[in-house]
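Tertiary structure, described
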Amino acid sequence: GGHCLITGAPGLAKTLLIKTVADVCHLSFQRIQFTPDLMPSDITGTEILEDSPEGRKLVFSRGPVFANMILADEINRTPPKTQAALLEAMQEHQVTVNGKTMHLPEPFFVLATQNPIEQEGTYPLPEAQLDRFLIKTSLGYPARAAMIEVLAGAAAPDRSRRLHPVLSTGDIGVLAGLAAQTHTDRAVLDYVAGLAEATRTDATVQLGVSTRGALGMVRCAQVWAVAQGRHFVLPDDVKALAGPVWEHRIVVDPDASFSGATAAAVIARALNTVAAPASGI
């Protein structure tokens, strides 16, 4: 039920990866190429004047955001005004246009990509929007063996076109329900709260982990536990996910960043200073 921000150099198949996930999960998919001239209505939709037997009337034409999975390609290439068009959709799963609120299809996911290297012509995502991404991860270069397989199939048609759905939207809802029922002991919840507080009180931090970020950690840890075949969350699950779930939410003080302070270091200090519970069962 969360959104994901994927970073990586160009040419690493970030877009293909997201499209493939949508295909195998049998989700409706829309790709939005974010550019400097993109307008909010290009995302949410707009009202257009149409002729009808009753006369002319305004009819809402839905934008590409009305799909199960949205690929916001190079999201940092569009101005903040247009980036903000996704805020309501990401948080409330709805869109409001001219005072009318329309719900988005469920499940609803935004997977956004950005190039961390090229900064010219880009607009950094505001903290409020970064906080709405459940996870931030990066794609690196493939290992040598995987690269050879890619090169060996270079002349063949796109292999992703031969994939078939293995899940339905109903299956995804069932799996999400199972994850939500994963037992999370109060000791683990106290551990998550302690870590979040430690990021806020760190001397190098301007903005620490929010309540939304702490809730996101619990949700991710529950899903992670289910993926490992467990019906309960362990403190080690929280430790494993601390970077992807929290690093993009922490704003380091500018003066401290000049001295080499990083969000990753803040999380590492929190993990070292906050004692983990002996058992999370």
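The preceding data block contains the structure.
Residues numbered from 1 in each chain as written. Predicted model: local features only at pLDDT ≥ 70, side-chain atom pairs only at ≥ 80, totals over all residues. Heavy atoms only, no water.

1. Quick look at the overall build of the protein
Of the regular secondary structure elements, the protein holds 12 helices and 11 strands. Relative to the compact-globule value of 19 Å for 281 residues, the protein shows a C-alpha radius of gyration of 21 Å, a close match. Based on the C-alpha atoms only, the size of the protein along its principal axes is roughly 70 × 50 × 40 Å. For the protein, the proportion of its 281 residues judged to be buried stands at 42%. Sequence-distant contacts in the protein: of pairs separated by 6 or more residues, those separated by 24 or more amount to 76%. Of the accessible surface of the protein, which amounts to about 15200 Å², a share of 57% is contributed by carbon and sulfur atoms. The averaged location of the 28 negative side-chain charges in the protein is 4 Å from the averaged location of its 23 positive side-chain charges. (Helix = DSSP H or I, 4+ residues; strand = E, 2+ residues; numbered from the N terminus. Rg over C-alpha atoms; globule rule 2.2 N^0.38 Å. Buried < 20%, exposed > 50% of the residue type's maximum accessible area, 1.4 Å probe, protein only. Contact = heavy atoms within 4.5 Å. Areas by Shrake-Rupley, 256 points an atom, 1.4 Å probe, with all protein chains shown as cover. Lys, Arg positive; Asp, Glu negative; His and termini not counted. Charge placed at Lys NZ, Arg CZ, Asp CG, Glu CD.)

2. Here we look at the packing of aromatic side chains
For the structure shown, the criterion picks out zero aromatic pairs. The positively charged end of Arg230 is found above the aromatic ring belonging to Phe232, 5.8 Å away from the centroid. (Phe/Tyr/Trp six-rings, centres within 6.5 Å; stacked < 30°, edge-to-face > 60°. Lys NZ or Arg CZ within 6 Å of the ring centre and 35° of its normal.)

3. Topic: the environment of Pro40
Locating Pro40 in the fold gives a position in the loop between strand 2 (29–33) and helix 2 (41–44). Taking C-alpha positions, Pro40 is 5.4 Å from Ala85, a pair spaced 45 residues apart along the chain. Not counting residues within four places of it along the chain, the set of residues in contact with Pro40 comprises Lys81, Thr82 and Ala85.

4. Re the sheet that holds strand 2
Reading across the sheet, the five strands line up as 2-5-8-1-9 and stay open at both edges, with parallel pairing between neighbours. Here the strands that pair on one side only, and so sit at the sheet edges, are strand 2 and strand 9 (135–138). On average, each strand axis in the sheet is tilted by 20° relative to the strand beside it, whichever way the strands run. Two strands pair when backbone bridges link them, and strand 1 (residues 4–7) and strand 8 (residues 109–114) are joined in this way by four bridges, in the parallel orientation. If you follow Ile6 over to strand 8, its bridge partner there is Thr113. (Pairing = 2+ DSSP bridges. Axes fitted to C-alpha atoms, helices over the stretch in contact; angles between N-to-C directions.)

5. A few points about helix 12 (residues 263–273)
Along helix 12, the residues classified as buried are Ala263, Val266, Ile267 and Ala270. Summarising the axial view, the buried residues of helix 12 lie within an arc of 95°, below the 170-degree limit, and thus occupy one face. Those residues of helix 12 that are buried lie in contact with helix 8 (186–201), strand 10 (205–207), helix 10 (235–246) and strand 11 (251–252). (Arc of directions from axis to C-beta.)

6. Things to note about the pattern of salt bridges
Pairing of side chains with opposite charge becomes possible as their charged atoms draw close. Considering all chains together, one arrives at eight salt bridges under this definition. Asp23 is the salt-bridge partner of Lys19, the closest N and O atoms lying 2.9 Å from each other. Of this pair, Lys19 and Asp23 both sit in helix 1 (residues 14–24), separated by four residues, roughly a single helical turn. Between Asp202 and Arg269 there is a salt bridge, and its shortest N-O distance comes to 2.9 Å. Here the residue Asp202 occupies a position in the loop between helix 8 and strand 10, and Arg269 occupies one in helix 12, the gap between them amounting to 67 residues. Residue Asp202 is classed as buried on the basis of its relative accessible area, which comes to 13%. The network of salt bridges with common partners includes Asp131, Arg212 and Arg249. (Salt bridge = Lys/Arg side-chain N within 4 Å of Asp/Glu carboxyl O.)

7. Concerning the side chain of Arg230
Tracing the backbone shows Arg230 in the loop between helix 9 (211–227) and helix 10. Within polar-contact distance, the side chain of Arg230 engages the backbone oxygen of Phe232 at 2.9 Å. Setting aside chain neighbours within four positions, we find Arg230 in contact with Ala225 and Asp237. (Polar contact = N/O pair within 3.5 Å; in protein donor to acceptor, adjacent residues only side chain to side chain.)

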